[in-house]
Amino acid sequence: MKLARLALAMLILLGAAPLYAQTALSGSLYEDYDFNFLGGGARAAGMGKAYLAVSDDIYGISWNPAGIYLLEKPVMGMAYGSLVPRGVGNSLVLPGSQFAGVDHSGTLGAISSLTFAAPLRVKGHQFVGSAGYTRSFVQYSKFGGTHQGYQSVWVLEGFNLREDSSLATYDFESQLKGGPYALNIGFGTRFYSNISFGATVNIYAGSTVREQNVNVFMDDYPHALGQRGHVLFESAQKDTAKFSGVNFTLGFKYHGEKWDAGLLVQTPFTLVANREFEIVNITRARGWDSTYNQFGEYRVVTEATDTVYVIDQKTKYEIPIRLGLGLAFKPSEKWLLAADFDYQPFSGQKVLNRDRLVIDPGGNNEEFFSEIDPEWNSVFRIRTGAEYLMESRFAKIPLRFGFGYNPMPAPSMDDDGEGTSSTVDLSFSLGAGLHWEQIYLDWAYTYSVMDRDIYTFGEFENGNIYPMTGTIENRHHHIQFAFTGYF
C-alpha cells in the first residue's frame, strides 16, 4: 500500500507541475519593464521630468551632466521616493471564469538619489565633478485570480495507467517589485562660450523579485479500485533577477539669457539579469476511503514535497541608444517653462536567454543563447513642466507642475496575440519647496495612468489551449522628498 501511495504521489506531482507552468501567465520580465532610465530629484519630478535643458542642480548628473557646470560650490543632495501602486483589471479565459484580477496595493519606499558634486580645476580649467546613486525606475505589478475546469489525469491501477478527469480549481497570484539603479560618475565643463559639455559613466546594479503562488484543488480525484478523494497541489516560486550593465551619457547645454537648450546622447548597452529560481511544490491527497480524523477533516493519506533550485540563469536585454532634446524658456525672473523630447529605437531589439553553459577549466567558458523577439515598439517620449518662484520673508517657495507622455516598448496585445499600439504611461505632476540660502527642501507628487491589453495562453480543460485576454489598468501614486545642502 505504501508503494502504491508513493507512486500515486509521484504521478500527481508530475501531472500537476504542467498545471503550474501553464497557469503562471507570462511572467516574462521584458513585458513588465519600461526601461526608462531617467534621472532623480524632486524638482525634476515636480516639473514632469522635463529636465534635460534645466539640469542645473546636484541631480543634473543623472539627467544632463553638462548642466552641473553652473554649480559654484560643493553641494550634496539626497532624495527619498515612495511608490503607492493602485490598479484594477480583468482577464477572461473561458466563459464564467474569474482569472487574473489585478489588485495593486501596498507601498514601496527607498532612497532614490544620493549625490555629491564639487567644482575643481584641472590645469587651470574649471570642471565640476559629481558622483551619486540614482534609482532609475521602480517596477511593481500584482495580479491573480481563480478558474475552474475539468483536467485530464492519469490513474494507476495495478501496473496499468488509465485516463480520467477531475474538476480542478486554480488560485493564482503573482507579484513583481524592484528595479535597477545606477551609480553615476561624471563631470561638466565649459565647452565654448556659453556652451557646456558633460559626460557620465552609468554603472547599473539592483534587482527584482517575482513571487508566484499557485494552488490547484482537484475535487473528486480518481484513485485505484474506484475510490475518489481530494488532491491539493501548492506551488510557490521565487524568481530573483540581479542586474548589471554599463553605458555612457554625453550631454551639451546652451545657456542663454531667456533660452536654454540641452542635447543628450545615451549610448546603447546590454542590461544583464542573472536569475535564480526557487520552486517548492507540495502535494496533499486526502480522504481516499472517506474517513475523517478527530477534527472532522479529511485524513491526509499522502503528502509529498518537492523543492527545485535553478541558479545562474542569464537573460540579456538589448537597450538601444537614447537621443534627447530639451528646451527651457524663462519669460521672467519668476517663471521657467521646459519641454523634453527623447527617442529610443526599441523596434528590432532582442532578448537573449542563456540555454547552455560549457565550462572550460583551462580557458574561457562558452555560453549559448536563444534569441527572443519581444516585438517591442520604438518609443518617442514627451515631457513638459513649469516652475514659478514665489518669495516671502521666510523662504523662497517654488511651485511646479508637469505632464509626461511615456510610451512603453512592450505593446498592447489583441485577441489573436498580435502587438498593436504602444502602451502609454501618462503622468501628471505637482511639486513645491522651501529654499533658504544653503538648504533646499523639495517635494513632488506624480499620478500616473497606464492601461494595457494583455494576452497569453493556458491549458485549463481537457487538454485544450484557450487564450487569455484582458485589460490591466494601473493608477499609481509617486511621492518624492529631496534635501539639498550647499557648503
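For the structure itself, look to the data block above.
The rules we used
Residues numbered from 1 in each chain as written. Predicted model: local features only at pLDDT ≥ 70, side-chain atom pairs only at ≥ 80, totals over all residues. Heavy atoms only, no water. Helix = DSSP H or I, 4+ residues; strand = E, 2+ residues; numbered from the N terminus. Buried < 20%, exposed > 50% of the residue type's maximum accessible area, 1.4 Å probe, protein only. Polar contact = N/O pair within 3.5 Å; in protein donor to acceptor, adjacent residues only side chain to side chain. Contact = heavy atoms within 4.5 Å. Phe/Tyr/Trp six-rings, centres within 6.5 Å; stacked < 30°, edge-to-face > 60°. Core = buried A, V, L, I, M, F, W, Y, C linked by side-chain atoms within 4.5 Å.

Time to look at unusual backbone geometry. Residue Lys49 is not a glycine yet carries a positive backbone phi of 60 degrees. Positive phi, normally seen in glycine, also occurs at Ser193, with a value near 55 degrees. Its location among the elements puts Ser193 in the loop between β7 (160–192) and β8 (195–222). For Ser193, a relative accessible area of 48% puts it in the partly exposed group.

Turning our eyes to something else, we now look at the side chain of Thr249. Mapped onto the secondary structure, Thr249 falls in strand β9 (residues 228–255). At a separation of 3.1 Å, a polar atom in the side chain of Thr249 contacts the side chain of Gln266. Once you skip the residues sitting within four places of it in the chain, Thr249 turns out to touch Trp63, Pro65, Gly198, Ala199, Thr200, Asn202, Leu264, Val265 and Gln266.

For the rest of this paragraph, the subject is the packing of aromatic side chains. As enumerated under the stated definition, the model contains 19 aromatic pairs in all. Seen in terms of ring centroids, Phe35 and Tyr317 are 5.6 Å apart; in terms of plane orientation they differ by 50 degrees. Their pairing is tilted. Of the two residues, Phe35 sits in the loop between α2 (29–32) and α3 (42–46) while Tyr317 sits in strand β12 (residues 300–319), which places them 282 residues apart along the sequence. When sorted by exposure, Phe35 lands in the same class as Tyr317, which is buried. Three or more aromatic residues link up through ring pairs in this structure, and these residues are Phe127, Phe187, Phe191, Phe197 and Phe252.

Phe35, Phe37, Leu271, Tyr317 and Ile319 are the most contacted members of the largest nonpolar core, which has 18 residues in total. Mapped onto this core, the elements with two or more residues apiece are β7, β9, β11 (269–286) and β12. Among the elements that take part in this core, β11 stands out by supplying three residues, more than any other. Beyond its immediate sequence surroundings of up to four residues, Ile319 is in contact with Phe35, Phe37, Pro268, Phe269, Leu271, Gln344 and Phe346. Of all hydrophobic cores here, the second largest spans 14 residues; its members include Leu71, Ala117, Ala444 and Ala482.

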